[in-house]
Amino acid sequence: MNVTVIGAGTMGNGIAHVFAQSGHAVTLVDLDQSRLDAALGTIDANLGRQVKKERITAEQQEATLGRIATQTDLARGVSEADLVVEAATEDATLKAKIFEQMDDAAPEAAILASNTSSISITQIAAATRRPDQVIGMHFFNPVPVMTLVEVVRGLATSDATYETVRQLSEDLGKVPVEVNDAAGFVSNRVLMPMVNEAVFCVHEGVATAEAVDTVMKLGMAHPMGPLTLADFIGLDVCLAILEVLHRELGEDKYRPCPLLRKMVAAGYLGRKSGQGFYTYD
Ligand code: 3HC
């Protein structure tokens with residue numbers, strides 16, 4: 001299958017990695033060639049980890065990289081796609097614009113999927129003339145490691161589109177879970193209030209970030225504490241998701257903590273910016 005991935009950030013490069021690794025021809029699209037080059041470097045390094053652990057061979061690493069082409073022009077990048085997975089910035093206006101352009105340039109039969117973490121698939125689909133072929137394909141970071149794909153059905157998503165994406169997710173070695181379209185789906189509707197509450201604990205002086213994380217790691221057997229996880233996801237991404245939950249579901253329990261807003265305003269975005277609840281090299 002020809003798979004095009006839009007956006008070469010953390011999620012985009014992980015998604016390109018897993019599709020290429022399972023034998024698909026992948027075109028990775030971003031506006032900026034330097035971001036594409038950086039993404040290929042990250043994919044190479046992550047494949048290198050798998051080689052070191054003897055999960056794949058050096059030949060498979062080379063073959064996987066060889067299946068990934070890059071493109072800075074969106075229309076050209078989707079022109080031969082059977083499936084497009086959009087993993088651009090979490091912004092509803094931007095996504096609607098990208099889907100409109102993809103709808104114009106992709107083959108008629110192509111499925112247009114979004115890796116959005118909280119924006120309505122129904123709303124994204126309405127920007128196209130093929131809402132029955134639009135679906136949410138929500139991966140989790142780090143994509144090569146996490147086995148879940150939350151498959152989100154918009155109001156008009158057809159059974160045929162759902163079935164293709166479900167099967168494809170299984171072929172990638174993932175476990176697809178069917179979810180209907182609602183703000184934050186299941187994953188972030190459940191996860192983000194916990195992250196936000198952890199930020200409120202620090203904001204209100206209940207405990208330090210380290211203490212909150214230790215409580216949740218050792219007391220609840222989470223692999224990462226919620227604030228380490230927030231840094232890992234990106235504090236800007238967490239804030240954007242909470243804003244969607246708060247606006248769409250209209251309840252105070254989703255109100256983003258003022259400390260989270262302040263940190264994002266200061267450019268403390270977590271691991272990717274070097275500073276979040278913790279400092280990174
Ligand atoms: N690519 C390939 N392999 C990777 C990798 C990557 N990017 N990152 C880690 N790995 C591999 C390692 O090589 C190692 O492999 P092994 O099992 O064969 O030894 C394995 O993953 C574990 O990695 P490490 O030993 O380096 O470190 P940890 O044991 O601490 O695990 C972790 C790291 C897998 C990230 C673990 O801490 C974890 O599961 N954290 C929680 C992650 C999580 O919750 N993600 C979801 C975020 S929410 C989201 O993405 C949705 C969005 O909408 C917000």
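What counts and what doesn't
Residues numbered from 1 in each chain as written. Predicted model: local features only at pLDDT ≥ 70, side-chain atom pairs only at ≥ 80, totals over all residues. Heavy atoms only, no water. Pairing = 2+ DSSP bridges. Helix = DSSP H or I, 4+ residues; strand = E, 2+ residues; numbered from the N terminus. Axes fitted to C-alpha atoms, helices over the stretch in contact; angles between N-to-C directions. Contact = heavy atoms within 4.5 Å. Buried < 20%, exposed > 50% of the residue type's maximum accessible area, 1.4 Å probe, protein only. UniProt positions renumbered as here; feature names shortened; annotations may be inferred. Polar contact = N/O pair within 3.5 Å; in protein donor to acceptor, adjacent residues only side chain to side chain. Salt bridge = Lys/Arg side-chain N within 4 Å of Asp/Glu carboxyl O.

Our next topic: the sheet that holds strand β1 (residues 2-6). Spatial ordering of the open sheet is given by β3-β2-β1-β4-β5-β6-β7-β8, a layout of 8 strands whose pairing is mixed. With partners counted over all chains shown, the strands left at the sheet margins are β3 (68-71) and β8 (175-180), one partner each. Along the sheet, successive strands turn relative to each other by an average axial angle of 25 degrees, direction set aside. Relative to β3, strand β2 (residues 25-29) runs parallel, the two being bridged by 4 bridges. Residue pairing in the sheet places Thr-27 in a bridge with Ala-69 of β3. Helix-sheet contacts for helix α5 (residues 92-105) involve β1, β4 (83-86), β5 (111-114) and β6 (134-138), and the interaxial angle to β5 is about 165 degrees.

Generally, phi is negative for residues other than glycine and the peptide bonds are trans, each holding for most cases. In this structure, Pro-142 follows Asn-141 across a cis peptide bond, with omega equal to -5 degrees. Mapped onto the secondary structure, Pro-142 falls in the loop between β6 and β7 (148-153). Of note in this structure, Glu-54 is not a glycine but carries a positive phi near 60 degrees. Residue placement: Glu-54 occurs in the loop between α2 (33-52) and α3 (58-66). Within the chain, Ala-221 stands out as a residue other than glycine whose phi angle is a positive 55 degrees. With respect to the secondary-structure elements, Ala-221 resides in the loop between α9 (209-220) and α10 (226-233). In this structure Ala-221 comes out as exposed when scored by relative accessible area, which is 64%.

Below, the discussion takes up the UniProt feature "binding site: NAD(+)" (unreviewed entry) in the chain. UniProt records the feature "binding site: NAD(+)" (unreviewed entry) for Gly-7, Ala-8, Gly-9, Thr-10, Met-11, Gly-12, Asp-30, Glu-90, Lys-95, Ser-117, Asn-141 and Lys-272 in the present numbering. Along the chain, Asp-30 falls in the loop between β2 and α2. Within polar-contact distance, the side chain of Asp-30 engages the backbone nitrogen of Ala-8 at 2.9 Å. Within the secondary structure layout, Asn-141 lies in the loop between β6 and β7. Given a relative accessible area of 21%, Asn-141 falls into the partly exposed group. The contact partners of Asn-141, leaving out residues within four places of it in the chain, are Thr-10, Met-11, Met-146 and Phe-232.

With that out of the way, let us pick up the pattern of salt bridges. Considering all chains together, one arrives at 14 salt bridges under this definition. Here Glu-86 and Lys-95 are joined by a salt bridge, their closest N and O atoms 2.6 Å apart. Judged by its relative accessible area of 0%, Glu-86 is buried. Across the pair Arg-130 and Asp-103 runs a salt bridge whose closest N-O atoms are separated by 2.6 Å.

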